[in-house]
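# Descriptive analysis of the structure
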Amino acid sequence: MACPFVHRKPVEPFSRQQSVADFDLQDINDDSLTLKHINEALQLLTAPSNQTINDALVSLTEKYSERFPALTKFKNEKSNVSSFPHYDYLADIQSALMEFDEATAIDILILLGEELIETACHGVIERAFKSLGGNMKELIASLDGVYDVLKLQEEDLTDTGFVCASENELIFTSDRICVAYVLLGILQRLSKKLYGEHSEINMERLDGSRFRYLFKMVAEEKPELRAISSNPADLQMHNATFCKMFPWHFILDENLDLVQIGNAFSKLFKNYLTTTRAVTNFFRFRRPVDLKLEFKEIAKRTNTPFLLTLRSPRHDFVAKGLEIKGQMVFCPGQKKNTLMFIGSPFIDGLEGLTCNGLFLSDIPIYDATREVILVGEQARAQDGLKRRMDKLKKEVEEGHEAVSKERKKNVSLLQLIFPDEIAEKLWLGKQVDAQSFSDVTMLFSDIVGFTGICSTASPLQVISMLESLYKIFDEFCGIFDVYKVETIGDAYCVAKGLEGRNSNSRYDAAKVAFMAMKMIETCSKHVAHSGKNIEVYIHRFLNSCLY
């Protein structure tokens, strides 16, 4: 019903609103390899966190306390260093190592680097390192380009850098020599932990902030297929160099047989080229569509992009379905003509790379695919964050709307119970003091014989009777602008003149009298369950009130 002391539209029925729904910010599976994990892995090389250093130091103390008794003073000394993000824990360790002789201090820093790998390089971080290369040589070759990409995109990376000067030489830039010795231990343990290689790594200082690491490794066997180049005399470089420079290429003769393949294809197909070398056994031509697999027909489409997928020579082939996008080049020769396909793998992110048995080192440095993979991971992470923030914003807006609805209902409920001024004070939490009104008219009424009616009627019959009457009485309150104080059982109480609502108070008693007459008239038109008309008894009027 309308508020009896201020005219308002009816409010919605009171019902409990649902709270803001819970949401999960971990929409991305933590087991999936992303650029974030590559970043964390590289930070382990150049700027490990204080807690990571502390874990490695505790492990180092437990293993080498007999060899270096003074290490015991570090044990559990900084057990909660992660609480202080700006504390330079490594600098503190370096200062403490000044008490040792130089050779001992260097040994401890190298061992600390090895323990960093033992304690922190597990799970997805280990997979992140492995995604950079299939061996230690390939890993250090990837550090240069990957670190540069991350350095441009991540503001919190330290001012350090890697340069792969050759396949066995890595130059590291840092203004802290302790970090360089820790990195030496990290590289030694990474070589053994990830690839089972026993690499001999020598470090020397080039100048104030540059350090060179020389790797001595066992030479790998050259792929046998490098010797099957159709006509190496026509090349301006050795075919082995060409295969290394363009790892994702192959050359076909006029019978569409493979006569040369790049290092990446050689790595994938080296165990399956013993029986046949027909290109259709290893590749499926998806684009151009409806291409006739003949030498002359393919030669006509050299200006058309080609999309190939790898076929599975055997059931254990890991790169089945890998897409290669590139172009065909017609190579005329004195004796016979050939076709060369040169392209790049069409891969969606780091996870797609590793699932096909590939590494970042398999993508040439000049190939934009390498940067596309890394930048794509960053964009994917940003898109995921944006989606989660949009979801959060929507949930907050829905929650705010639900709270606003509940607030309106609470205000309306107070206004139904109390006058406007009193309801406002209660809503604002203010104290409500009792007030005295000299000119107030009040009406008290009840139903004649209500006790007898209740004794012979069911509870639902009594409630239905009272609801039908009081609904009409409430409408009279709005018509005569009187305030409904309360209803208790069959008692109905109204008042007129509270808070000076009507300046012309001489008509208050008349309005209440008309209200009483309408109540009597209404009851005479209603019958109880027994069939008798209902009668209402108007007790008295009061002309003053303490409210």
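Bear in mind the structure is a predicted one, so any value in this text is a computation, not a measurement. (Residues numbered from 1 in each chain as written. Predicted model: local features only at pLDDT ≥ 70, side-chain atom pairs only at ≥ 80, totals over all residues. Heavy atoms only, no water.)

### Focus: the sheet that holds strand β7 (residues 283-287)
Just so we agree on the cut-off: For two strands to be treated as a pair, DSSP must find at least two bridges joining them. Labels follow the DSSP assignment, with helices taken as runs of H or I lasting at least four residues and strands as runs of E lasting at least two, numbered in each case from the N terminus. Lines are fitted to the C-alpha atoms to define the axes, a helix being fitted only along its stretch in contact, and any angle between axes, read from their N-to-C directions, falls within 0 to 180 degrees.
Ordered in space as β6-β5-β10-β9-β8-β7, the six strands form an open sheet in which the pairing is antiparallel. Edge positions in the open sheet fall to β6 (258-261) and β7, since each of these has one partner strand only. When strand polarity is set aside, the average angle formed by the axes of neighbouring strands in this sheet is 30 degrees.

### Describing the pattern of salt bridges
The condition is simple: A side-chain nitrogen of Lys or Arg and a carboxyl oxygen of Asp or Glu constitute a salt bridge if their distance falls within 4 Å. Only protein chains enter the accessibility calculation, which uses a 1.4 Å probe; a residue is then buried when its area is under 20% of its type maximum, exposed when over 50%, and partly exposed in between.
Scanning the model with the defined rule gives 17 salt bridges in all. Arg-210 is the salt-bridge partner of Asp-207, the closest N and O atoms lying 3.0 Å from each other. You can call Asp-207 partly exposed: its relative accessible area is 35%. Judged by its relative accessible area of 34%, Arg-210 is partly exposed.

### A few points about the UniProt feature "coiled-coil region" (unreviewed entry) in the protein chain
Selection rule: UniProt positions are given in the numbering used here, feature names are shortened, and annotations may be inferred rather than shown by experiment.
The sites that UniProt annotates as "coiled-coil region" (unreviewed entry) are residues 382-409. For residues 382-409, helix accounts for 100% and strand for 0%, while the C-alpha atoms at its two ends are 40 Å apart.

### Details of the pairing of strand β9 (residues 323-331)
By the bridge criterion, four bridges tie strand β8 (residues 306-310) to β9 in an arrangement that is antiparallel. Bridge pairing in β9 links Leu-307 to Lys-325. Alignment of β9 against strand β10 (residues 338-345), held across eight bridges, turns out to be antiparallel. Of the residues in β10, the one forming a bridge with Phe-330 is Leu-339. What sits between β9 and β10 in their antiparallel hairpin is a turn of six residues.

### Overview of the packing of aromatic side chains
The cut-off we apply is this: Two rings from Phe, Tyr or Trp (for Trp, the six-membered ring) form a pair when their centres are within 6.5 Å of each other. A pair whose planes differ by under 30 degrees is stacked, one over 60 is edge-to-face, and the rest are tilted.
The final tally for this structure, using the stated rule, is 16 aromatic pairs. Seen in terms of ring centroids, Phe-265 and Phe-283 are 5.2 Å apart; in terms of plane orientation they differ by 85 degrees. Their pairing is edge-to-face. With Phe-265 in helix α9 (residues 263-269) and Phe-283 in strand β7, the pair connects residues that are 18 residues apart, well separated along the chain. Overall, Phe-265 belongs to the buried group, its relative accessible area being 0%.

### What about the confidence of the model for the protein chain?
In plain terms, the rule: Every residue is assigned a pLDDT by the predictor, reflecting its confidence on a scale from 0 to 100. When checking whether two residues touch, look at their non-hydrogen atoms; a contact exists if any pair is within 4.5 Å.
For the protein chain, the average pLDDT comes to 78, and 82% of its residues sit at 70 or higher. Put simply, strand β16 (residues 545-546) is where the protein chain has its lowest mean pLDDT, 45, and strand β5 (residues 249-252) is where it has its highest, 92. Counting interchain partners and residues more than four positions distant, the pLDDT-below-50 stretch residues 1-28 has 43 contacts.

### Brief notes about the nonpolar core
Quick reminder of the rule: The definition of a nonpolar core used throughout is a set of buried Ala, Val, Leu, Ile, Met, Phe, Trp, Tyr and Cys residues joined through side-chain atoms within 4.5 Å.
Residues Phe-129, Tyr-213, Phe-250, Phe-283 and Leu-310 are the most contacted members of the largest nonpolar core, which totals 96 residues. With twelve residues, the single largest contributor to this core is helix α7 (residues 177-195). Residue contacts for Phe-283: discarding those within four places in its chain leaves Phe-250, Leu-258, Phe-265, Phe-269, Leu-308, Thr-309, Leu-310 and Arg-311. Counting residues in hydrophobic clusters, the runner-up holds 26 residues, among them Ile-447, Phe-450, Phe-476 and Val-494.

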